[in-house]
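Examining the three-dimensional arrangement
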Amino acid sequence: MQRRTVLKGMASLPLLSGVTATNLMANEAKKSLIKNGKVLTAAHWGMLDVEVKDGKILGSRPYQKTSEIYNALQYYTHDMVYKTRIKYPMVRKSYLENPDNPKPELRGKDEWVRVKYEDAIKLVARELKKTREQKGNQSVFAGSYGWKSSGNVHNSRILLQRFMNLSGGFVGDLGDYSTGASQVIMPHVMGSIEVYEQQTSWPVVLENSKVVVMWGMNPLATLRIAWTSADEHGFKYFEELKKRKDIEVIIIDPIRSDTVKFFDKAKHIRPVPNTDTAMMLGMMHHLYTSGKYDKEFMAGYTYGFDKFLPYLLGQTDKTPKSPEWAAKICGIDAKLIKSLAEKFVSNRTMLMSGWGMQRAHHGEQPHWALVTLASMIGQIGLAGGGFGLSYHYSNGGVPTCKGGVIGGVNAASVGIFNDKGEFIGTADSEIKDGKFVKKAVTAGEDVPAWLIKTTEFAFPVARIADALLNPGKVIDHNGKKITYPDIDFIYWVGGNPLVHHQDTNTNLKAWRKPRTVVVNEPYWTPTAKMADIVFPTTTSYERNDITMTGDYSNMNIVPMKQVVDKFEESKDDYQIFSDLCKAYAKDLVLAYTENGKEEFDWIKEYYDATYEQVNSIPDFIHEMKPFNEFWATNKPVTFSSTPESDAWIRYGEFREDPILNALGTPSGLIEIYSDTIEKMGYDDCKAHPMWFEPIEWLGMKDKPAEFHMLSPHPTNRLHSQLSHTSLRDEYAVANREPVWINTKDAKAKGIKNGDLVRVFNVRGEVLAGAVVTDDVMPSVIKLCEGAWYDGFDSGICKNGSPNVLTIDIPTSKLANGNISHTALVNIEKFKGKAPELTAFKDPKIVR
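For the structure given in this document, a descriptive report is provided here. Because the structure is predicted, anything quoted here is derived from the model rather than measured. (Residues numbered from 1 in each chain as written. Predicted model: local features only at pLDDT ≥ 70, side-chain atom pairs only at ≥ 80, totals over all residues. Heavy atoms only, no water.)

**Points about the overall build of the protein**
A count of helical and extended segments in the protein gives 29 helices and 35 strands. For 847 residues, the compact-globule formula gives about 29 Å, and the C-alpha radius of gyration of the protein, at 27 Å, lands near that figure. Referenced to the eigenvectors of the C-alpha coordinate spread, the extents of the protein come out at roughly 75 × 75 × 55 Å. A total of 847 residues make up the protein; the buried ones form 65% of that total. Excluding contacts between residues fewer than 6 apart, the proportion of contacts in the protein whose partners are at least 24 apart in sequence is 76%. Accessible surface, the protein as shown: approximately 30,500 Å² in total, 50% of it carbon and sulfur. Mean positive and mean negative side-chain charge positions of the protein (103 and 102 charges, respectively) differ by 5 Å. (Helix = DSSP H or I, 4+ residues; strand = E, 2+ residues; numbered from the N terminus. Rg over C-alpha atoms; globule rule 2.2 N^0.38 Å. Buried < 20%, exposed > 50% of the residue type's maximum accessible area, 1.4 Å probe, protein only. Contact = heavy atoms within 4.5 Å. Areas by Shrake-Rupley, 256 points an atom, 1.4 Å probe, with all protein chains shown as cover. Lys, Arg positive; Asp, Glu negative; His and termini not counted. Charge placed at Lys NZ, Arg CZ, Asp CG, Glu CD.)

Following this line, the structure appears as structure tokens:
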């Protein structure tokens with residue numbers, strides 16, 4: 001619900017006069033850092049008590065426990081501060097020698113030079129200005145998608161965009177890697193993005209559902225985290241679900257995951273990877289031909305079912321999508337497909353789906369098919385029935401609490417400059433008498449042509465390598481045409497795209513194309529090693545901030561107190577961008593900092609606004625205290641749910657009156673058939689859900705490789721975060737990322753548990769440690785995403801990063817999402833001496 005929302009808050013270090021009351025508070029807070037004791041803070045993985053001794057972190061643990069499920073991510077704060085850190089501002093040697101001819105082909109291989117912070121600031125400001133003058137704002141990319149640190153003030157991604165907007169503009173990106181296909185298709189189907197929205201309340205599910213289906217999800221791993229900070233209450237509800245003998249749990253997943261093991265009595269069904277849509281179509285065909293579907297719901301709440309039926313019944317292609325047809329594709333017996341369909345329609349059934357199935361070729365189809373299946377079942381909008389796409393993420397379904405929501409940083413308006421290159425304001429502000437002043441905006445003001453141009457150049461984030469390599473290329477996207485810009489300057493913060501993105505070897509070529517790459521980063525990640533200029537930044541434990549817990553529940557407001565002093569020469573992103581403003585143009589920093597606001601100015605401003613909001617609610621009893629008391633107490637503010645939120649049903653109002661509460665689709669109904677998509681005329685995404693054969697899968701003829709590789713979210717990391725900590729010692733095999741292989745497959749390949757193995761295909765090769773297990777089905781291997789790439793010196797990734805092996809083509813012309821779960825690979829025992837792992841070592845520094 002909040003995850004992709006641009007927040008409204010900021011942070012800083014002393015910039016101007018330092019005379020406000022909160023400036024004094026900041027100075028006092030710095031003096032009073034707790035040297036011995038416990039400090040409350042928060043991370044994506046929850047509220048934390050951090051233990052400090054002699055000014056150093058000893059360890060951390062959860063601030064509170066809501067369930068018996070162990071969250072390992074909460075115990076490694078020490079390593080997040082002290083391991084693999086970048087100590088000083090650094091510039092790649094060839095870039096420092098000649099920024100106009102910086103030898104970008106040496107990125108990832110070149111030596112590094114330590115420079116003074118002030119010199120690095122001047123260098124970035126000069127080269128950014130040069131790039132804009134030579135190639136325009138559309139040559140500057142600052143999308144920086146990624147899991148930035150928690151905190152509404154020190155939001156690195158928005159702080160970057162704020163600087164780039166005020167200094168002239170930039171090209172951004174569209175969508176994300178997590179739900180690239182679904183967040184585009186779902187508005188056409190449901191009129192809503194769906195994947196980041198609140199679910200039917202868990203109390204309603206537990207009270208009313210008779211069947212709960214977990215389709216392609218592993219909540220025991222993914223509920224450990226949230227975009228803000230996890231409230232962890234989702235674990236509590238899954239524990240309650242496990243206890244309920246009157247609710248049948250069915251898990252559909254090729255892997256025997258942590259969740260399957262937790263629900264040890266659940267029915268576990270293992271389809272061939274990437275075939276979920278075919279399985280759903282087989283269920284739909286059976287429901288229709290047996291007459292057991294909800295005809296009234298289809299007639300009153302959906303659009304286009306009659307146009308979908310000819311495909312379902314095989315009238316358009318002479319192939320009925322029968323359970324028998326589906327069985328040959330998905331590997332599930334036709335009788336089981338039929339019995340599941342009948343079970344779903346005859347019991348109050350909640351279809352919970354993960355996001356993994358849509359990170360596949362033609363990924364728009366599974367969730368569209370899931371909605372169509374749920375519609376035929378006819379329980380959407382009923383208590384405990386329908387479908388949900390966020391129960392596995394950020395504790396979706398935990399009832400929303402009544403209270404306030406903390407604001408955060410905004411990306412600001414685009415700056416306006418005079419003929420002298422001086423900053424004079426934005427469309428809604430000006431610099432007057434040496435001050436930043438807000439002003440009224442005249443309706444209908446003309447938008448500068450260059451700004452329209454940069455907006456038109458924004459492209460789907462999962463196409464970044466394609467965009468870097470093919471400037472001027474025109475692609476289709478959701479009914480529009482997008483032209484790739486000629487990007488020559490990248491500024492990246494709060495993410496690790498050299499690990500996140502598919503087909504790493506092609507991605508490396510792409511990142512060696514622009515003239516300048518700047519990265520703000522605490523750690524020597526693969527992305528930092530591929531930069532030209534690196535600013536060492538603070539972690540969230542070295543600065544003050546504030547956040548909420550629960551992207552959907554909004555349960556707590558947490559003071560994120562600075563735990564320890566800043567590491568070496570690390571600086572807050574806010575300080576870096578404020579100083580870049582000073583170096584870039586006169587008075588720009590006044591707008592960026594709104595006349596010199598510092599860290600506590602912003603924290604207090606956002607808290608006070610929420611405090612006022614909460615106090616304006618009539619007869620509302622709450623525990624919020626004035627800011628100074630809240631901060632000094634060092635405890636969260638906790639809000640409670642209401643009877644209304646406890647009983648909330650997604651699409652309940654639509655169910656009651658589909659005319660008065662129409663959906664945001666053109667018809668106002670659930671669109672099984674989309675006239676809008678039909679008009680787009682795409683060959684890879686038609687007007688209704690369909691089975692498309694993936695570019696690589698186990699059922700294809702002439703397979704290019706033997707095994708289907710799944711790369712799900714890891715249990716013991718947040719994507720690549722925590723990859724460098726000693727938590728890795730708990731799961732690494734042969735000092736590499738573990739790869740699961742089925743017992744029979746391992747025997748056929750001569751692979752034993754603990755062996756170092758080579759996983760490879762035409763796109764690349766990686767080394768991993770073998771885990772021989774029946775928890776993965778035959779002909780499938782599991783290699784979790786997020787392992788730091790380690791192949792700069794050898795070509796083979798020595799640390800088992802699966803994106804070396806994945807395919808970088810879009811889901812379809814509609815959404816252009818990534819297809820990371822569509823990949824075939826080979827596997828063999830590694831021969832020869834194991835190469836040294838260097839993923840977590842510093843690059844070569846010459847001075």
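So much for the structure itself; the text now carries on.
**Details of the sheet that holds strand E35 (residues 824–829)**
Strand order in the closed barrel formed by six strands is E30-E34-E31-E33-E32-E35, with mixed pairing between adjacent strands. Taking the axes of each pair of neighbouring strands and ignoring which way they run, one obtains an average angle of 45° across the sheet. (Pairing = 2+ DSSP bridges. Axes fitted to C-alpha atoms, helices over the stretch in contact; angles between N-to-C directions.)

**What about helix H11 (residues 276–289)?**
Compared with the 20 Å implied by 1.5 Å per residue over 14 residues, the 20 Å span of H11 between its first and last C-alpha is a close match. Listing the buried residues of H11 in full gives Asp276, Thr277, Ala278, Met279, Met280, Leu281, Gly282, Met283, Met284, His285, His286 and Leu287. (Expected span 1.5 Å × (residues − 1).)

**Focus on the packing of H11 against helix H15 (residues 334–346)**
Between H11 and H15, whose axes approach to 9 Å, the crossing angle comes to 70°. Comparing the axis directions of H11 and H15 gives the class roughly perpendicular. In the packing of H11 onto H15, the handedness of the crossing is right-handed. Residues Met279, Gly282, Met283, His286 and Leu287 of H11 touch H15, and the partners they reach there are Ile337, Lys338, Leu340, Ala341, Glu342, Phe344 and Val345. A per-class count over the contact of H11 with H15 returns eight nonpolar, two polar and two charged. (Parallel < 35°, antiparallel > 145°, perpendicular 65-115°, else oblique. Left-handed = near helix turned anticlockwise from the far one by under 90°. Nonpolar A, V, L, I, M, F, W, Y, C, P; charged D, E, K, R; others polar.)

**A look at the sheet that holds strand E27 (residues 637–638)**
Picture the strands of a sheet paired through backbone hydrogen bonds; they go either parallel or antiparallel. The strand order across the open sheet formed by three strands is E25-E26-E27, and the pairing between neighbours is antiparallel. Strand pairing shows two members of the sheet lacking a second neighbour, strand E25 (545–549) and E27, which therefore form its edges. Relative to E25, helix H24 (residues 599–615) is tilted by about 40°, and along the sheet it contacts E25, strand E26 (556–560) and E27.

**Here we look at the environment of histidine 362**
If you trace the backbone, histidine 362 turns up in the loop between strand E12 (349–353) and helix H16 (364–377). Assessed through its relative accessible area of 9%, histidine 362 is described here as buried. Residues histidine 362 and asparagine 816, 454 residues apart in the sequence, show an inter-C-alpha distance of 9.4 Å. Reaching out from histidine 362, the side chain makes a polar contact with the backbone oxygen of aspartate 684 at a distance of 3.3 Å. (Polar contact = N/O pair within 3.5 Å; in protein donor to acceptor, adjacent residues only side chain to side chain.)

**Comments concerning the side chain of histidine 719**
Position of histidine 719 relative to the elements: it lies in the loop between strand E30 (707–710) and strand E31 (738–741). A distance of 3.3 Å separates polar atoms of two side chains, one belonging to histidine 719 and the other to tryptophan 147.

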